[in-house]
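Structural characterization, general
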Amino acid sequence: MRSLPLTLVARLLPVAVLAAAGVAMTTSDDSDASATPAGPSPQTSAPATGAAAPRYAKPPEEACTVLPESMIKDLVPGAKPAGNELKSSDLNRRTGCSWHALDDFDYRWLDIAYDVKSVAGKQKSVGGSAVPGLGDDASVTEKTTEDDDQGIREAVVTVHQDNATVTVTYNGGDFESHKAADSDEIRKGAISAAKKALGALDG
């Protein structure tokens, strides 16, 4: 019997571990500072308007339903469409879902993660190649790793739209040939999943 390489064993660790390692997002709380008048005045100026209300109040509650079943079957053959919910201590801010499967010797992993901040404002991606026409700002990074003579190709798409960030990770490899998945396939798959995941924020 062919034993699975260490790469696959590591990929099949609990989804919560991957979520913690793959999506590290920091929180920041806004503090209100009271303005002290510069001096006495017979008239009081009109109160300053606050920052614009954020576009999104919270991420999708059921992240495992944001991608159509047909897309999941296409991107992750053999995976259960129900997916695995990514655990979060604050579901009003972070949600996500993961799918993975080994179809014969062809392995694929896909996960999406949402992070919705409490304040509005455009965010900027750092690094990667720009993905035009996706959200306010989007980028994709790609890499190929070799572990135990097994290649894995991965693409990570990060999309910013107003106060929300959507991160999609898609990777795979052939555990018979030991070759990483095709670059074009992985890149396009990650971007197409990111488009659907982003659309679910308004849905």
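Given the structure is predicted, the values throughout are model-derived calculations rather than measurements.

Assigned secondary structure in the protein chain consists of four helices and seven strands. A total of 203 residues make up the protein chain; the buried ones form 38% of that total. Taking the contacts inside the protein chain whose residues are at least 6 apart along the sequence as the reference set, 61% of them involve residues at least 24 apart. Counting every atom, the protein chain has about 11800 Å² of accessible surface; 51% of that belongs to carbon and sulfur.

Before going further, it helps to spend a moment on the environment of Pro54. Note on placement: Pro54 falls in the loop between α2 (15–22) and α3 (69–75). Along the sequence, Pro54 and Asn163 sit 109 residues apart, while their C-alpha atoms lie 6.1 Å from each other.

Below, the discussion takes up the confidence of the model for the protein chain. Summary statistics for the protein chain give a mean pLDDT of 81 and a share of 74% for residues scoring 70 or more. Counted against residues more than four places away or in other chains, residues 13–48, with its pLDDT under 50, gives 21 contacts.

Moving on: the pattern of salt bridges. Applying the stated criterion across every chain, the model contains ten salt bridges. Here Glu185 ties to Arg108 by a salt bridge, and the two come within 3.0 Å at their closest N and O atoms. Remark: Arg108 occurs in strand β3 (residues 106–116) and Glu185 occurs in helix α4 (residues 183–202); sequence separation between them is 77 residues. Overall, Arg108 belongs to the buried group, its relative accessible area being 6%. Linked through salt bridges whose partners overlap, the residues forming this network are Arg93, Arg94, Asp115 and Lys117.

Below, the discussion takes up the pairing of β3. Counting buried positions along β3 gives ten out of eleven residues, so the element sits mostly inside the fold. Of the strand pairs in this sheet, strand β2 (residues 94–103) and β3 are connected by ten bridges, and their pairing is antiparallel. In the sheet register, Cys97 faces β3, and the bridge partner there is Ile112. Hairpin geometry of β2 and β3 is characterised by an intervening segment of two residues between the two adjacent antiparallel strands and by a positive phi of about 60° at Asp104. Summarising the sheet, β3 and strand β7 (residues 164–174) pair through eleven bridges and their orientation is antiparallel. The partner of Ala113 across the bridge, within β7, is Thr167.

Take the environment of Glu185 next. Relative accessible area serves as the criterion here: at 35%, Glu185 is assigned to the partly exposed category. Taking C-alpha positions, Glu185 is 9.9 Å from Arg153, a pair spaced 32 residues apart along the chain. With sequence-adjacent residues up to four places away left out, Glu185 is seen in contact with Arg108 and Tyr170. At a separation of 3.0 Å, a polar atom in the side chain of Glu185 contacts the side chain of Arg108.

A few words now on a negative patch on the surface. Taken together, Glu146, Asp147, Asp148 and Asp149 make up a surface patch of like negative charges. Along the chain, Asp147 falls in strand β5 (residues 137–147).

Glancing now at the side chain of Asp137. Inspection of the secondary structure assignment puts Asp137 in strand β5. Sequence-distant contacts of Asp137, that is, excluding residues within four places in its chain, are made with Gln123, Lys124, Ser125, Thr158, Val159 and His160.

Scoring rules and cut-offs
Residues numbered from 1 in each chain as written. Predicted model: local features only at pLDDT ≥ 70, side-chain atom pairs only at ≥ 80, totals over all residues. Heavy atoms only, no water. Helix = DSSP H or I, 4+ residues; strand = E, 2+ residues; numbered from the N terminus. Buried < 20%, exposed > 50% of the residue type's maximum accessible area, 1.4 Å probe, protein only. Contact = heavy atoms within 4.5 Å. Areas by Shrake-Rupley, 256 points an atom, 1.4 Å probe, with all protein chains shown as cover. pLDDT = per-residue confidence, 0-100. Salt bridge = Lys/Arg side-chain N within 4 Å of Asp/Glu carboxyl O. Pairing = 2+ DSSP bridges. Polar contact = N/O pair within 3.5 Å; in protein donor to acceptor, adjacent residues only side chain to side chain. Patch = residues over 30% accessible without salt bridge, like charges linked within 9 Å, V, L, I, M, F, W, Y side chains within 5 Å. Lys, Arg positive; Asp, Glu negative; His and termini not counted. Charge placed at Lys NZ, Arg CZ, Asp CG, Glu CD.

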